[in-house]
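# Structure assessment
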Amino acid sequence: RGGVGSSWPRCRVGGWCVWGLGRGVTGSAVFLSAGDSCCNPQSMGYIKKIVENKIPGIYVLSLKIGSNLIQDMENSFFMNVNDQVREVCGQLAQDPRLKGGYNAMGFSQGGQFLRAVAQRCPSPPMLNLISVGGQHQGSVYGFPRCPGESSHVCDWIRKTLDLGAYTQAVQEHLVQAEYWHNPLKEEDYRKNSIFLADINQERGINETYKKNLMALKKFVMVKFLNDTMVDPPISEWFGFYKSGQAKETVPLKETSLYTEDRLGLQEMDRAGKLVFLGVQGDHLHFSEEWFYTTILPFLQ
């Protein structure tokens, strides 16, 4: 359950869902995290339902990465993130009801995946991006608590990441490795990360990425203040460990990404486009009331 005394389900991780308000009107999109499917009635299906109830007439489009829900769930662990982003961009572009733009909301790893959509795919335009527990400077360093349902899969992932997160084979076939950021191996990360290092401009400046991200009206980042899964939790606000060690962290404004403004975050911050929200609870645990009062306004 998500949140003390709440019947809110804990959103685990997995499919793609897109929400819209109808033809030519603003909508919203959701890309989840790992081990769930787009339409699970106990998690993302429930969120879909309550959003529909709270925003009458909203258009909801569920996107699967795969031919069925099982493949959708498996792909959230094992399909190259770049391929997933490319497929979702194509599906969004083909939907005429999102032509006027949409709002996007990603849970856990879905936060950074949807940011990649914003940076790489400006049409249709993403208007607001809401990242709920996303790891924008990487994680899950140490992978302390696997979010999936299958313990043997989680154990295998941990061992694989420990042995060779930055090898080509692992990078191309294990989703969690693609945003694995080891502060003790910064050079390996910058050189070999095929996803996170790219969207974070670690190997050079892609001006298109910067321009597209800066086109957002709001970039909302939600950090869970009692998070025991994401390491370090400050990654949810775009902070990270100081290079070369794994104890002391620095906030976004003290990172080179911000001071050099490689991604446009400094300019967005000055324009009031960055919103940092904190919520009590462990990873993806929040109350229904908090979701209604804090998050829904960004979707309307």
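Figured I'd write up the structure that's included with this text. (Residues numbered from 1 in each chain as written. Predicted model: local features only at pLDDT ≥ 70, side-chain atom pairs only at ≥ 80, totals over all residues. Heavy atoms only, no water.)

## What to know about the overall build of the protein
Helix and strand counts for the protein stand at twelve helices and nine strands. Across the 300 residues that make up the protein, the buried fraction comes to 59%. In the protein, the share of contacts with a sequence separation of at least 24, taken over all contacts with a separation of at least 6, comes to 68%. Of the accessible surface of the protein, which amounts to about 12100 Å², a share of 51% is contributed by carbon and sulfur atoms. (Helix = DSSP H or I, 4+ residues; strand = E, 2+ residues; numbered from the N terminus. Buried < 20%, exposed > 50% of the residue type's maximum accessible area, 1.4 Å probe, protein only. Contact = heavy atoms within 4.5 Å. Areas by Shrake-Rupley, 256 points an atom, 1.4 Å probe, with all protein chains shown as cover.)

## Side note on the packing of helix α3 (residues 81-93) against helix α4 (residues 109-120)
Packing of α3 against α4 leaves a shortest axis separation of 10 Å and a crossing angle of 60°. In terms of axis orientation, α3 runs oblique to α4. Along this stretch, α3 crosses α4, giving a crossing that reads as right-handed. On α4, the residues that touch V81, N82, V85, C89 and L92 of α3 are F113, A116, V117 and R120. Partitioned by chemical class, the residues of the contact of α3 with α4 number seven nonpolar, one polar and one charged. (Axes fitted to C-alpha atoms, helices over the stretch in contact; angles between N-to-C directions. Parallel < 35°, antiparallel > 145°, perpendicular 65-115°, else oblique. Left-handed = near helix turned anticlockwise from the far one by under 90°. Nonpolar A, V, L, I, M, F, W, Y, C, P; charged D, E, K, R; others polar.)

## Points about the layout of surface pockets
There is about 250 Å³ of room inside the largest pocket. Every residue lining the largest pocket is counted, 16 residues in all, and those nearest its centre are Q137, H181, E186, Y241 and S256. Of all the secondary-structure elements, those providing two or more residues to the lining of the largest pocket are α7 (186-192), β7 (240-241) and α10 (256-259). Among the elements that make up the lining of the largest pocket, the one with the highest residue count is α7 (three residues). Here the residues of the lining of the largest pocket are counted per class, giving five nonpolar, five polar and six charged. (1 Å grid on protein atoms, 1.4 Å probe; cavity = no way out; pocket = protein on both sides within 12 Å on 5 of 7 lines; lining within 4 Å. Points joined across faces, edges and corners; volume = space filled by probe spheres on them.)

## Looking at the packing of α4 against helix α9 (residues 207-214)
Contact pair α4 / α9: the axes reach a minimum separation of 7 Å and the direction vectors enclose 105°. In terms of orientation, α4 lies roughly perpendicular with respect to α9. Between α4 and α9, the contacting residues are R115, A118, Q119 and R120 on the first element and T208, Y209, N212 and L213 on the second. Its residues placed into classes, the contact of α4 with α9 shows three nonpolar, three polar and two charged.

## Let's talk about the packing of aromatic side chains
Enumeration according to the criterion identifies nine aromatic pairs in this entry. Measuring from centroid to centroid gives 6.1 Å for F113 and Y179, while their planes differ by 65°, and the two rings are edge-to-face. Taken together, the residues span a long stretch of sequence, with F113 in helix α4 and Y179 in the loop between α6 (168-173) and α7 at a distance of 66 residues. Chaining the aromatic ring pairs together yields one cluster made of F107, F224, F286, W290 and F291. When the ring centre of Y292 is taken as reference, the NZ or CZ atom of K54 above it lies at 4.3 Å. Above the ring of W237, the side-chain terminus of K223 is found at 4.8 Å from the ring centroid. (Phe/Tyr/Trp six-rings, centres within 6.5 Å; stacked < 30°, edge-to-face > 60°. Lys NZ or Arg CZ within 6 Å of the ring centre and 35° of its normal.)

## Section: helix α12 (residues 288-295)
Taken residue by residue, α12 has E288, W290, F291, T294 and I295 as its buried positions. Each buried residue of α12 lies within a common arc of 160° when the element is viewed along its axis, so the set occupies one face. When the buried face of α12 is taken as reference, the exposed residues oriented beyond 90 degrees from it are E289 and T293. (Arc of directions from axis to C-beta.)

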